[in-house]
Amino acid sequence: MILAGLIYVLLPILIFLLKFTRPYFFAIGLLLFLFLVFKSLQLVDESNGFSNSDILNKKSIIFLIATFVIFCIWIYFSGIGSFSFQNWDFWVRNPIYNDLISKPWPLYYNLGEQNEYVRSLIGGEWVAFAYYFTFWLTPASICKVMNLSGISCQVVLYLHSLIGVVIINYLLCRLYKTFSFKITAILMTFSGLDVIAYIIHNLNLPALTDELEWSLEYYQLSGNTTQIYYVFNQSIPIWIIMLLILNINSARLMAAIGSLCFAYSPWATIGLVPIIIVGIFTDYHISLNDKSTETGKASVIVCTVKNLITICNIFVPLFMLLIFGLYYSASGGSEGGKGLYYFTTNATVSEYIIGFILFVLTEFGLYYITMGRKVLNYRYSSIIFVELLAFPLFYIVDFNFFIRGTIPALFLFMVIIISFLLDTVPDSMKAISLKKTYPNNTQVQNDNIVLRKRILTVLLVIGAMTSVIAFTRSAIKTAEGGEILQSDISTFDDLSTANEYQVLTTNSQFFVHGFATKPFYLFISKIGL
């Protein structure tokens, strides 16, 4: 399944290189990625995974079938494939997928064919299209090759997303060498304690069709179901990348695998960089006391440099930065600037401080407090806390910086919580040195941990209400038989039905004006038009 995960995230990138860039960039990327796959399979410790007997026994088969059925339902009501109610973000996701299927690649749009109102807002020139749409390239390619249209294309997208979630569940269970419904349940429902924030803010209980994520008005960190139901194109591949890093567990490949995230979300990549740095500099197998390493008593710094400076860790990130950095920068991006997030709100200082404290406690603080000092035994626990605390204080362009930039940190935080509950610390999650954090009295230690686990379980159940209500909202609205999405924009070729916000957002986030002068289109992109 390691190979399946690598193929899942690498294939769309290779498709992008093949169809959107000049041949020699595709050739370079193909060689780099083949070498990355080879090294990944070479370095992964298969003894930490499942054996054939682990998979082919009755209990495991029942688990795999049951979770597959559960995931089918979960993804069905996400809106992916347009079979059920779709949240507002799909007004963008649907036309992106449709245009990738129906239009030639690379994507260009003639704004002169838009109606007069649209032209008055964004002009009438030819524009290119730049966005992190990599996730859709595999299903769109299948539809193009097989000449599919309509519902068939939606089925392909649905199945592609479903396969991604199945890979995620398998790789997550592989970390703990056990197929556990508890792990799957946490994967599907992990979230902050938004229901508590909702009750405090509204002084009543939420309805089954409410949205809980923005209960604190200014802040939110998206739970797992919310991510699947809004930004599946980012969360699914990013979660797989995080699990590949943890399962392969090699600092010699960590930066290379992490850099693949850039193809799926520049925001999440920003959040992943500090995690990768910490991962390389705190590699569990490289420490002053580790006599088994080839360098013996050599310093950690020397060992870290050796791990960092590898063909994969140097050339794959540089290649990804060159291609996708220039591609994203071709677009002007959303307007919004950068700075302290406080100045984008209308809150008073006291309102902001109280809201922020409540945000910290309900989104991740109470989880940390419950796990206590033992959380320091887990690798990344400190950098996760710093990111979750610091990112919401700032904005770059808009709030997507901290909402999407924290996707990697939130996923790792979930892994820490699972590890705490299962009393199992995967090698890739161990701190450099496990310090004793409880009294020597074994009974006191055990009682303490049992109590903390019970409290943590209660918090997870409370947090799961966010995911449950996100699911019930979709199910109820689908059953009501109304419109799937309150937007009928099916292609960016025709924005005649778009409101001003949609037209301006499409223009600022996706369209590249004057693309002929942009470095990506001058030196990297295939010749279009």
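The rules behind these values
- Residues numbered from 1 in each chain as written.
- Predicted model: local features only at pLDDT ≥ 70, side-chain atom pairs only at ≥ 80, totals over all residues.
- Heavy atoms only, no water.
- Pairing = 2+ DSSP bridges.
- Helix = DSSP H or I, 4+ residues; strand = E, 2+ residues; numbered from the N terminus.
- Disulfide = S-S within 2.5 Å.
- Buried < 20%, exposed > 50% of the residue type's maximum accessible area, 1.4 Å probe, protein only.
- Contact = heavy atoms within 4.5 Å.
- Phe/Tyr/Trp six-rings, centres within 6.5 Å; stacked < 30°, edge-to-face > 60°.
- Lys NZ or Arg CZ within 6 Å of the ring centre and 35° of its normal.
- Expected span 1.5 Å × (residues − 1).
- Salt bridge = Lys/Arg side-chain N within 4 Å of Asp/Glu carboxyl O.
- Patch = residues over 30% accessible without salt bridge, like charges linked within 9 Å, V, L, I, M, F, W, Y side chains within 5 Å.
- Areas by Shrake-Rupley, 256 points an atom, 1.4 Å probe, with all protein chains shown as cover.
- pLDDT = per-residue confidence, 0-100.

Side note on the sheet that holds strand β5 (residues 511-512)
- Strands sit in the order β1-β2-β5 across an open sheet of three strands; the sheet is antiparallel. Strands at the two margins of the open sheet, each flanked by one partner only, are β1 (108-110) and β5.
- In this sheet, β5 lies alongside strand β2 (residues 126-129) in antiparallel orientation, the contact comprising two bridges. Within β5, the residue paired with Ala128 across the bridge is Val512.

A few points about the state of the cysteines
- On inspection of all chains with the given rule, the structure shows zero disulfides.
- There is no disulfide at Cys143, and the cysteine sulfur nearest it, in Cys153, is 3.3 Å away.
- Of the residues examined, Cys143 reaches a relative accessible area of 1% and is grouped as buried.
- The cysteine Cys261 is free of any disulfide, with Cys312 supplying the nearest cysteine sulfur at 17 Å.

A closer look at the environment of Val415
- Within the fold, Val415 resides in helix α19 (residues 407-422).
- Given a relative accessible area of 0%, Val415 falls into the buried group.
- Along the sequence, Val415 and Tyr378 sit 37 residues apart, while their C-alpha atoms lie 9.7 Å from each other.
- Apart from residues no more than four positions distant in its own chain, Val415 is found in contact with Leu172, Leu175, Tyr176, Leu246 and Met429.

Section: the packing of aromatic side chains
- Per the counting criterion, the structure on display carries 63 aromatic pairs.
- An angle of 80° between the planes, with centres 5.9 Å apart, marks the rings of Phe83 and Tyr158 as edge-to-face. Pair noted here: Phe83 is in the loop between α4 (58-76) and α5 (90-102) and Tyr158 is in helix α8 (residues 151-176), with a separation of 75 residues, a long-range link.
- Note on Tyr158: relative accessible area 11%, which makes it buried.
- Between Tyr109 and Phe492 the ring centres are 6.4 Å apart and the planes differ by 75°, which places this aromatic pair in the edge-to-face class. Here Tyr109, found in strand β1, pairs with Phe492, found in the loop between α20 (442-479) and α21 (500-509); they are 383 residues apart in sequence, far enough to count as distant.
- The ring of Phe420 carries Lys374 above its face, with NZ or CZ at 5.1 Å from the centroid.

A few points about helix α16 (residues 349-371)
- For α16, with 23 residues, the first-to-last C-alpha span of 31 Å sits near the 33 Å given by 1.5 Å per residue.
- Residues of α16 that are buried: Tyr352, Phe356, Phe359, Val360, Thr362, Glu363, Phe364, Gly365, Tyr367, Tyr368, Thr370 and Met371.
- Gly372 sits one or two positions beyond α16 and adopts a positive phi of about 65°.

Here we look at the pattern of salt bridges
- Counted by the stated rule, this structure contains five salt bridges.
- For Lys103, the salt bridge identified is with Asp493, shortest N-O distance 3.1 Å. Taken together, the residues Lys103 in the loop between α5 and β1 and Asp493 in the loop between α20 and α21 connect sequence positions 390 residues apart.
- For Asp493, a relative accessible area of 27% puts it in the partly exposed group.

A closer look at unusual backbone geometry
- Of note, the amide linkage connecting Trp105 to Pro106 takes the cis form, showing an omega dihedral of -10°.
- Along the chain, Pro106 turns up in the loop between α5 and β1.
- At Asn147, a residue that is not glycine, the phi angle is positive and equals roughly 55°.
- Along the chain, Asn147 turns up in the loop between α7 (137-145) and α8.
- Here Lys177, not a glycine, exhibits a phi torsion of approximately 55°, which is positive.

Focus on α8
- A rise of 1.5 Å per residue sets the reference length of α8, with its 26 residues, at 38 Å; its end C-alpha atoms lie 38 Å apart and thus fit the reference within 8%.
- Extensive coverage of α8 is indicated by the burial of 20 of its 26 residues.
- One or two positions beyond α8, positive phi appears at Lys177, with a value near 55°.

Here we look at a nonpolar patch on the surface
- Taken together, the side chains of Phe35, Phe38, Ile311, Phe315 and Leu318 define a hydrophobic patch exposed on the protein surface, amounting to about 500 Å² of accessible area.
- When contributions to the nonpolar patch are tallied by element, the ones reaching two or more residues are α2 (23-43) and α15 (311-330).
- It is α15 that provides the largest number of residues to the nonpolar patch, a total of three residues.
- Tracing the backbone through its elements, the reader meets Phe38 in helix α2.
- The exposure class assigned to Phe38 is partly exposed, which follows from its relative accessible area of 48%.

Thoughts on the side chain of Asn87
- For Asn87, the location among the structural elements is in the loop between α4 and α5.
- Of the residues examined, Asn87 reaches a relative accessible area of 4% and is grouped as buried.
- Setting aside residues no more than four positions away along its own chain, Asn87 makes contact with Tyr229, Tyr230, Arg473 and Leu485.

Brief notes about the confidence of the model for the chain
- Per-residue confidence for the chain gives a mean pLDDT of 88, with 90% of residues at or over 70.
- Here helix α14 (residues 300-308) is the element of the chain with the lowest mean pLDDT, 69, and α7 is the one with the highest, 97.
- Confidence over residues 286-294 falls short of pLDDT 50; this stretch has 14 contacts with residues more than four positions distant or in other chains.
- Low confidence marks residues 434-440, where pLDDT is under 50. Its contacts with residues over four positions away, or in another chain, come to 13 contacts.

Some remarks on the side chain of Ser525
- For Ser525, the position within the fold is in the segment after α22 (519-524).
- When its relative accessible area of 1% is taken as the criterion, Ser525 is described as buried.
- Beyond its immediate chain neighbours, meaning those up to four positions away, Ser525 contacts Phe20, Thr21, Arg22, Pro106, Tyr108 and Phe520.

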